[in-house]
Amino acid sequence: MSDWVRVVAHMDMDAFYVSVELARRPDLRGLPVVVAGTGPRAVVTTASYEARRFGVFSATPAERARRLCPQAVFLAPDFDLYRERSRDVMDVVREQVERVEQVGLDEAYLDLTDLGWPRATARTVKATVAARTGLTCSIGMGPSKLVAKVASDAEKPDGFVVLSREEARKRFAASPPGLVPGIGPRTAERLAARGIVTLGVLAAAPPDSLREWFGPRLGAHLSALARFEDERAVGGPRTAKSESRETTFPHDLSGLPALEPALERLCDDLCVRLERSGGRGRTVGIKVRLSDFSTLTRARTLSTATSERGVVGGVALDLLRELSPTAPVRLLGVRVAGLDIEGSSAPLGEPQLSLELGAGA
Amino acid sequence: MKLSTSRETFLARLGIAVRGASTRSAIQALSGVLMRADADGLELQATDMELGIRVRTEASVEREGSVVLPGRLLLDVVRSMPEDQLSLEHRAAEQDVEVVSGPSRFHLRTLPSEDFPRLPEPGDAEPVRMPAGAFVETIGRVARSASRDETRPHLTGVLVSASGSRLRMVATDSYRLSVKETTLAEELSGEVEANVPARTLQELARVAAASAAEQIDIVALANQVVFRLGDVVLSSRLVEGRFPNYEQLLPDSFEHELRLRSNELLEVVRRVSLLAQKNAPLRLRFAEGELEVSAQTPDIGEARESLPVPFQGEEIEIGFNPEFFRDGLESTEGDELILKLISPLRPGLIQSGDDGGFTYLVMPIRLNV
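Colleague: If you had to explain the pattern of salt bridges to someone new, which residues and values would you point to?
Modeller: Within the structure shown, the criterion is met by 60 salt bridges over all chains. Measuring nitrogen to oxygen at the nearest pair gives 3.0 Å for the salt bridge that ties Arg85(A) to Asp88(A). Of this pair, Arg85(A) and Asp88(A) both sit in helix α4 (residues 79-96), three residues apart, roughly one helical turn. Judged by its relative accessible area of 31%, Asp88(A) is partly exposed. Taken together, the salt bridges that share partners define one network made up of Arg144(B), Asp173(B), Arg176(B), Arg270(B), Asp327(B) and Glu330(B).

Colleague: For the environment of Thr45(A), give the residues involved together with the corresponding values.
Modeller: Within the fold, Thr45(A) resides in strand β3 (residues 44-47). Leave out the neighbours within four places in its chain, and Thr45(A) touches Tyr17(A), Val35(A), Ala36(A), Ser58(A) and Phe79(A).

Colleague: Describe the nonpolar core, listing the residues and the values that go with them.
Modeller: One broad trend across soluble globular proteins is that nonpolar side chains are buried collectively. Grouped together as the largest cluster of nonpolar side chains are 62 residues, with contacts concentrated most on Phe10(B), Leu14(B), Met35(B), Phe135(B), Met169(B), Leu201(B) and Phe227(B). At six residues, the largest contribution of residues to this core is made by helix α1 (residues 7-18) of chain B. In terms of domain composition, this core takes at least three residues from each of domain 1 (2-115) and domain 2 (128-246) of chain B. Beyond its immediate chain neighbours, meaning those up to four positions away, Met169(B) contacts Phe135(B), Thr138(B), Ile139(B), Val142(B), Val158(B), Leu159(B), Val160(B), Ser178(B), Val179(B), Lys180(B) and Leu201(B). Counting residues in hydrophobic clusters, the runner-up holds 34 residues, among them Met11(A), Leu28(A), Val35(A) and Leu81(A).

Colleague: Give me the lowdown on the sheet that holds strand β14 (residues 192-197) of chain B, citing residues and values where you can.
Modeller: Sheet strands associate in pairs through backbone hydrogen bonding, adopting either a parallel or an antiparallel arrangement. Residue and element names in this part refer to chain B. Taking strand neighbours across the sheet as the criterion, the eight strands line up as β14-β11-β12-β13-β25-β24-β23-β18 in an open arrangement whose pairing is antiparallel. For this open sheet the edge positions go to β14 and β18 (256-261), each flanked by a neighbour on one side alone. Strand-to-strand twist across the sheet, computed as the mean angle between neighbouring axes with direction ignored, equals 15 degrees. Note: strand β13 (residues 176-183) against strand β25 (residues 358-362), five bridges, orientation antiparallel. Residue pairing in the sheet places Arg176 in a bridge with Val362 of β25. Where helix α5 (residues 262-273) meets the sheet, it contacts β18 and β23 (336-341), and its direction lies at approximately 90 degrees from that of β18.

Cut-offs used in this document
Residues numbered from 1 in each chain as written. Chains lettered and ligands numbered in written order. Predicted model: local features only at pLDDT ≥ 70, side-chain atom pairs only at ≥ 80, totals over all residues. Heavy atoms only, no water. Salt bridge = Lys/Arg side-chain N within 4 Å of Asp/Glu carboxyl O. Helix = DSSP H or I, 4+ residues; strand = E, 2+ residues; numbered from the N terminus. Buried < 20%, exposed > 50% of the residue type's maximum accessible area, 1.4 Å probe, protein only. Contact = heavy atoms within 4.5 Å. Core = buried A, V, L, I, M, F, W, Y, C linked by side-chain atoms within 4.5 Å. Domains from an automatic or database assignment. Pairing = 2+ DSSP bridges. Axes fitted to C-alpha atoms, helices over the stretch in contact; angles between N-to-C directions.

Below is the structure:
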């Protein structure tokens, strides 16, 4: 590990939403549990490992999940709770590691390069997360984000896998190319059409042929991925640039009288969220997806940043009325962008000075 | 529990109560509204463990009892009901409440009521009676300065002190400090000293705006405070940690003291602030007899405007967060305000010109000249 340019860990919470639910409903432990929305178009957001045995995974349509595993306990997602637990988890991580790149609610990359005992630190993170939140995670370690990510997935749940680049190449040589993030189902299909069905074959494929088939950029990228070459640094904390709420209706809605109350509710939720995080944004936008799946967006930028329900709601309603969709609406969303987070908003470069509140403050 | 009530009345009261409910708790009952029907009518309660709201409303109660229902859902259901006559009945066997209005019939599953916490009772403690108008007005002057940063909980409160005929509120987020002293028309019956979450006070102001009550009864307990406003009772935990010793933050003396016309300055600041985006500061350059307000945002543009001011001495330029500076100007009352400055890296002070008891201390932004 000492000869690695970087030491990166990838922490991935195990079946995060379900685990959070089980923590408050211990009576459901050991049962197939599925967190999914309720409407006819909902999809599964997380399935417990028991439910996965029945073929129910993230993004499985909820209807299909009910058929595959009728005995599963279906729970509606409670994102506010998941966000709260996520904060608890990330707090633990940040206590141990300085450079953390959080990805979504349940994943993070940790840069352990300059730490004396990277493996011990990663173990400590894993143990402290479990002790503090009762949730398990899987951790993968490697010389790059790519190796770490694949390693964290290798022995889920509750895994701890350390791999060098060479070890990763060997271990996953027989795995399908789609195992590597960055090779999506379509690319995997195109690779399969060329007879490339494993990472080993892909790594051994002549770079010239890959370039010819996939173009110079994607071609080179694919061979690098297959060899687990990845130069990306662990990014610092990413601050939210926008906050949004959207909802897919159980049945398409038509006409402003039906749409406006739905928009109002989205604005309520969004502004509560903004109020809590202290975020204010200058751009208010709406998103309307029609029954034919065409998506329209409209936005307006204000003179000053706001999180006020009256302002956000007013602008959003104006935008909706101006748009007045004539076709039935499938999905409606509202977003506030260009956020500055108050409190943490000491301006960069031109620093906001603080009052000296003294000890005890 | 079985009762009937008017949709309009119930909706208005429920709307107040629901604001106390949690939107992100692990305890389901905290997202609910507790309905308790007794011989006197109906009481609604909601709490997120920090803030609790209790509201009484008229209802003709046929059968007493209590039940917890999901707050937001109940609000949406009641709001959408077709007729003004509304009846609610708890059906214990089905674990739900039947809500009927005209031809509509809803069955809402109840939440586990044993998880619903008891809200603090003021007990026998003698309340301090406060004029609602003055109290709410004072909240409006300072609450904006409280921090919304949950990682600095001790700054999320407003220090409320009242004794004799004086009411004082103080808030700071460490970038600015607001102090408002209000002289009351009558002597208070007792004293209050409490660090109350700004959110609680803002909620109280909202309730007061929709209420005819002229008095607020305040009881401060060990770590709770209870406000009673007409038939609404708001209880709240107090902010933990000592409120900063703010008096030592106020400089003893200033280099410059300018009396300015509030509206004129505010309008200039509002206009020019439009071009202080992306954390760009608002720049105030004082020269003999003149103040130039300017702002510049890279790739967006710039704005400047001068106005005559009675400034004397060596030119100085100081930068402020436009929002913080504007908040200060907007919170003064009267035609004139007093702006006091020391130097570009020391705090500025804004006061109402007519000794309205309002003081706003704001830290500058360091300018890269």
